[in-house]
Structure formats: structure tokens, C-alpha cells
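Single-letter residue listing:
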Amino acid sequence: MNSLSAYLDKRSLRIFCLGIASGFPWVLIGSMLTLWLKDAGLSRSAIGFAGAIFAVYSINFLWSPLVDRVRLPALGLLGQRRSWILLAQLSIALLCLLISTSNPSQNAEYTVLLCLFVAIASATQDIAIDAYRIDSLPEHNPEMLTAGAAMATAGWWTGYAGIGFIPLWLSDGILAWPQIYCLMAVVPVLLAVITLLSPEPPAQQRAEAQQEAEQSYL
């Protein structure tokens, strides 16, 4: 397999789409939230305090064993990886709709709390997406591993900077922030469709990898 074909491989393209799903929530709780709080008249210190919700991403390892081993009811039929990714994406879509009903000028704490839940769902999604990428790519194929890592990074920046341009453009006198958040709920729904259409990585390969890792610590 040459380098170009590795990037055009279906597995790499799926990882690119999952990278978009991983980067997009940062728009919701980053630039969009900051500008909305600023327009609502909050102080810089209050806006800076809201930025503390990003700390969730640094502690998601605390519940990564849960995502790795707990099988979700009903959604678990999709497989261990896809079920958690889909749950996170649908949760983010629902939270976008809830955020659109909030008013930070009257109750900023509620808006920030909802964005905290977005961060938790997003951090959980990152765990499942990383596991999906690892399980999907052959361990002994360096070209595919390199392409997968590159596509994941490119997808993340596409979700963050590429799609992130849209709400900022709409906020320039075209739509109000609640309407923009409502519109952004469409993005994780579309990404959820891609998740449904993607195959679950082989469970046997994952089990063998876990067994080898456990034996290495003995």
C-alpha cells in the first residue's frame, strides 16, 4: 500500500469524519460561548471562569475504563465503540437545543452548566473515538497508522476551525446566538448518521490487544 492509498482508504476517511466530530464541540464551548457571554454583558473574569470547563478534557481518563468496558443498553447492539460515540453525539445535539433556550444575561450559570455537559459528552466521545481509531487500523502497518493519525488531526481542525467559521459568520447580524446554537445541533446529528453507517472494529482484535497489554504487566 502506497502512502496516497492509505489516506484514501475507507478507514482513514472514517477517522477523518470522527476527527470532525471530536473538534466541533470546542466551537460550542469555546468561541461561541465566549462571544455570547460577552454580548450578554458579562465581565472578563466571569467569561474566563467559564473557560474552566475545558479542564474536563484533562481528566477524562478517570472514566475511560467505563467507556471501554460497559456495554450500553440498546445502543450496545451497535458495538462497544460506536454505541458510546453515538450516545455522545446525540447528547451534544440535545444539549445544543437546551442551550438555545437559555439566556446568559439572566442566568449565565445555567448556560455555562449546559456547556459543561457538552464538554463531558465531548470528552467521553474522544475516548471512544481514539479507541475506534486504534481498533480499526492494523497495528503492524505503519503507513495506515501514520495516515490515521494525520486524518484524525486534519478532521479535528476541520471541525473546530472549518465548521467554527459558520457560527461566527452567522453571529455578525444574521442570527441571534440561541438560533445559532439551535442550528448547530444539526452538525452532531449528521455526524451520528456517519457513525451509524460505519462498521464496528473487530472485537476479537480488541480482546487480543487487551490480553497482550494485561500480560505485559504481569
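Residues numbered from 1 in each chain as written. Predicted model: local features only at pLDDT ≥ 70, side-chain atom pairs only at ≥ 80, totals over all residues. Heavy atoms only, no water.

Chemist: Explain the side chain of Ser 102 to me, using residue names and the numbers behind them.
Modeler: You can see Ser 102 is positioned in the loop between α7 (80-100) and α8 (104-136). A relative accessible area of 6% means that Ser 102 is categorised as buried. A distance of 2.6 Å separates the side chain of Ser 102 from the backbone oxygen of Ile 99, its partner in a polar contact. If we skip the residues at most four places from it in the chain, Ser 102 touches Trp 36, Tyr 110 and Thr 111. (Helix = DSSP H or I, 4+ residues; strand = E, 2+ residues; numbered from the N terminus. Buried < 20%, exposed > 50% of the residue type's maximum accessible area, 1.4 Å probe, protein only. Polar contact = N/O pair within 3.5 Å; in protein donor to acceptor, adjacent residues only side chain to side chain. Contact = heavy atoms within 4.5 Å.)

Chemist: I'd like a rundown of the environment of Asp 130, residues and numbers included.
Modeler: Tracing the sequence through the fold places Asp 130 in helix α8. By relative accessible area, which is 38% here, Asp 130 ends up partly exposed. Spatially, the C-alpha atom of Asp 130 lies 9.2 Å from that of Leu 18, the residues being 112 residues apart in sequence.

Chemist: Give a description of the pattern of salt bridges that names residues and reports values.
Modeler: Enumeration over the complete set of coordinates arrives at five salt bridges. For the salt bridge of Asp 135 with Arg 81, the shortest nitrogen-to-oxygen distance reads 2.8 Å. Here Asp 135, found in helix α8, pairs with Arg 81, found in helix α7; they are 54 residues apart in sequence, far enough to count as distant. For the pair Asp 135 and Arg 81, a shared accessibility class is recorded, and that class is buried. Here Asp 130 ties to Arg 133 by a salt bridge, and the two come within 3.9 Å at their closest N and O atoms. Of this pair, Asp 130 and Arg 133 are both found in helix α8, three residues apart, which corresponds to roughly one turn of the helix. (Salt bridge = Lys/Arg side-chain N within 4 Å of Asp/Glu carboxyl O.)

Chemist: Talk me through the nonpolar core; I want residue IDs and the actual numbers.
Modeler: Ranked by internal contacts, the top residues of the largest apolar core, which has 44 residues, are Leu 28, Ile 29, Met 32, Ile 99, Cys 115 and Tyr 181. With 11 residues, the top contributor of residues to this core is α8. Listed in part, the five residues of the second largest apolar core include Ala 6, Ile 15, Met 144 and Ala 147. (Core = buried A, V, L, I, M, F, W, Y, C linked by side-chain atoms within 4.5 Å.)

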